[in-house]
Amino acid sequence: MSIVVEHLSHIYLEGTPMAKVALRDVNLIIEDGEFVGLIGHTGSGKSTLVQHLNGLLMPTSGKVYVDGVDLTDKHTSLRAIRQKVGMVFQYPEHQLFGETVYEDVAFGPRNAGLGEQEVEARVKEALGMVGLDYDALKDHSPFELSGGQKRRVAIAGVLAMRPAVLILDEPTAGLDPEGSADILGKIQALHRAGRVTVIMITHSMEDVARMATRLIVMEHGGVVFDGPPREVFAQVDRLKEMGLGVPQVTELMHELHSRGLPVQTNILTLDEAEAELVRALELRRNGTV
Ligand code: ADP
């Protein structure tokens, strides 16, 4: 299932003195199975863009197609689209409302008209996907849970619809390092198992370097870079200019390189850095360089 964005522009409050161009001529094709990291300074248009992918916002001009279906066509069922393209907003736990964890996660499937047996199967499956124990937690109030658990329940509510595409807007915002690592681990496992295409907005360059297969960088409502993380992070100077960074380990390798150590700079993870340092130090020890 692909998502195609063609010449998409969005102007908030068009025709008023407060009009604000939030997207300008964005063109993208997102294919099945990708893990897209969406980065950019606050206000660059990331949230506005993703809200077009399931019809929460409509283009001022341009088109969005999901699985070949034109979202701007007034005959398109946006309800069906939203089942295929699931959206996890920032701080999704603020939208929990069910009396129990079960009721909360069951809301979407029930609303879609599924029978109770299927609803139960979906709730079990979705809680399992986010690493929560169904039997232990189903009857608890979501409000009794820890911050990280609440967020997982909220994500499970989206997964219970079995979306083909999962969009997450800063899924680890406000969580401690352990809670963040847990959530990201679950998202990565879902992606690796081939269950979802992922589009993740984040400010963590480390996270996208490790997880994303593709990085889209936005600035002033437009896409400035779109490619594999290794290629995008090679644009260190431009990214810094935009107020973004590169992973710390990439930055370190650039620093060592500029001080004369013969290391490659296109390094994204600690493991890669370790191997590269060993290689460079061997070269130096052997007197090759
Ligand atoms: P990001 O997600 O990258 O922080 P947004 O998509 O939220 O960026 O915002 C893009 C631009 O649109 C910003 O200038 C922001 O102020 C503006 N904007 C966002 N939402 C609204 C809105 N509901 N009404 C008016 N302007 C908005």
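Rules of the game
Residues numbered from 1 in each chain as written. Predicted model: local features only at pLDDT ≥ 70, side-chain atom pairs only at ≥ 80, totals over all residues. Heavy atoms only, no water. Domains from an automatic or database assignment. Buried area = accessible area lost by both parts, 1.4 Å probe. Salt bridge = Lys/Arg side-chain N within 4 Å of Asp/Glu carboxyl O. Polar contact = N/O pair within 3.5 Å; in protein donor to acceptor, adjacent residues only side chain to side chain. Helix = DSSP H or I, 4+ residues; strand = E, 2+ residues; numbered from the N terminus. Nonpolar A, V, L, I, M, F, W, Y, C, P; charged D, E, K, R; others polar. Buried < 20%, exposed > 50% of the residue type's maximum accessible area, 1.4 Å probe, protein only. Arc of directions from axis to C-beta. Contact = heavy atoms within 4.5 Å. Near = heavy atom within 4 Å. Areas by Shrake-Rupley, 256 points an atom, 1.4 Å probe, with all protein chains shown as cover. Pairing = 2+ DSSP bridges. Axes fitted to C-alpha atoms, helices over the stretch in contact; angles between N-to-C directions. Parallel < 35°, antiparallel > 145°, perpendicular 65-115°, else oblique. Left-handed = near helix turned anticlockwise from the far one by under 90°.

## Focus: the domain arrangement of the protein chain
By a frequent convention, interface size equals the accessible area lost on bringing the separate parts together.
Inference 1: Domain parsing of the protein chain yields domain 1 (3-246) and domain 2 (247-289).
Inference 2: Note on domain 1 versus domain 2: buried area summed over both sides is about 830 Å², and carbon and sulfur give 61% of it.
Inference 3: Area buried by domain 1 at its contact with domain 2 is led by A209, R230 and V246, which between them contribute 57% of it.
Inference 4: The interface formed by domain 1 and domain 2 holds two salt bridges in total.
Inference 5: In this structure, the salt-bridge partner of E272 is R230, at a minimum N-O distance of 2.9 Å.
Inference 6: On inspection of domain 1 and its partner domain 2, the count reaches five residue pairs in polar contact (both at pLDDT 80 or more).
Inference 7: Secondary-structure elements contributing two or more residues to the side of domain 1 that touches domain 2 are α8 (205-211), α9 (229-232) and α10 (236-241).
Inference 8: With three residues, α8 is the largest single contributor of residues to the side of domain 1 that touches domain 2.
Inference 9: Broken down by class, the residue content of the side of domain 1 that touches domain 2 amounts to six nonpolar, no polar and three charged.

## Quick look at helix α11 (residues 248-258)
Inference 1: Within α11, burial applies to V249, T250 and M253. Buried positions in α11, seen along its axis, are confined to an arc of 105° and lie on one side of it. Turned more than 90 degrees away from the buried face of α11, the exposed residues are Q248 and S258.
Inference 2: Residues of α11 that are buried in the fold lie against α12 (270-285).
Inference 3: Just beyond α11, the residue with positive phi is G260, at close to 100°.

## Topic: the site of the ligand
Inference 1: In the vicinity of the ligand, the contacting residues are Y12, K20, A22, H41, T42, G43, S44, G45, K46, S47 and T48.
Inference 2: At a separation of 3.0 Å, an oxygen atom of the ligand approaches a polar backbone atom of G45.
Inference 3: Within the side chain of K46, one N or O atom sits 2.8 Å away from an oxygen atom of the ligand.
Inference 4: Computed on the free molecule, the ligand has an accessible area of 560 Å², of which 65% lies beneath the protein chains in the complex.
Inference 5: Listing elements by their share of the shell around the ligand, those giving two or more residues are β2 (20-30) and α1 (46-52).
Inference 6: It is α1 that contributes the most residues to the shell around the ligand, three residues altogether.
Inference 7: Grouping the constituent residues of the shell around the ligand by class yields two nonpolar, seven polar and two charged.

## What about the sheet that holds strand β1 (residues 3-12)?
Inference 1: Spatially, four strands are ordered β2-β1-β4-β5 in an open sheet, and the strand pairing comes out antiparallel. Only two strands of the sheet have a single neighbouring strand rather than two, namely β2 and β5 (69-70).
Inference 2: Where β1 lies against β2, seven bridges are found, and the strand directions are antiparallel. Paired with I11 across the strands is V21, a residue of β2.

## Side note on the pattern of salt bridges
Inference 1: As enumerated under the stated definition, the model contains 22 salt bridges in all.
Inference 2: Across the pair E125 and R162 runs a salt bridge whose closest N-O atoms are separated by 2.9 Å. Taken together, the residues E125 in helix α4 (residues 116-129) and R162 in the loop between α6 (147-159) and β7 (165-169) connect sequence positions 37 residues apart.
Inference 3: Each of E118, R122, E125, R162 and R195 takes part in one network of salt bridges that share partners.

## What to know about the packing of α11 against α12
Each pair of packed helices can be summarised by the angle the axes make with each other and by the distance between the axes.
Inference 1: Interhelical geometry of α11 versus α12 gives an angle of 20° and a closest axis separation of 10 Å. Classified by the interaxial angle, the pair formed by α11 and α12 is roughly parallel. As α11 packs across α12, the resulting crossing turns out to be left-handed. From α11, V249, M253 and L256 reach across to α12, where they touch L270, A273, E276 and L277.
Inference 2: Its residues placed into classes, the contact of α11 with α12 shows six nonpolar, no polar and one charged.

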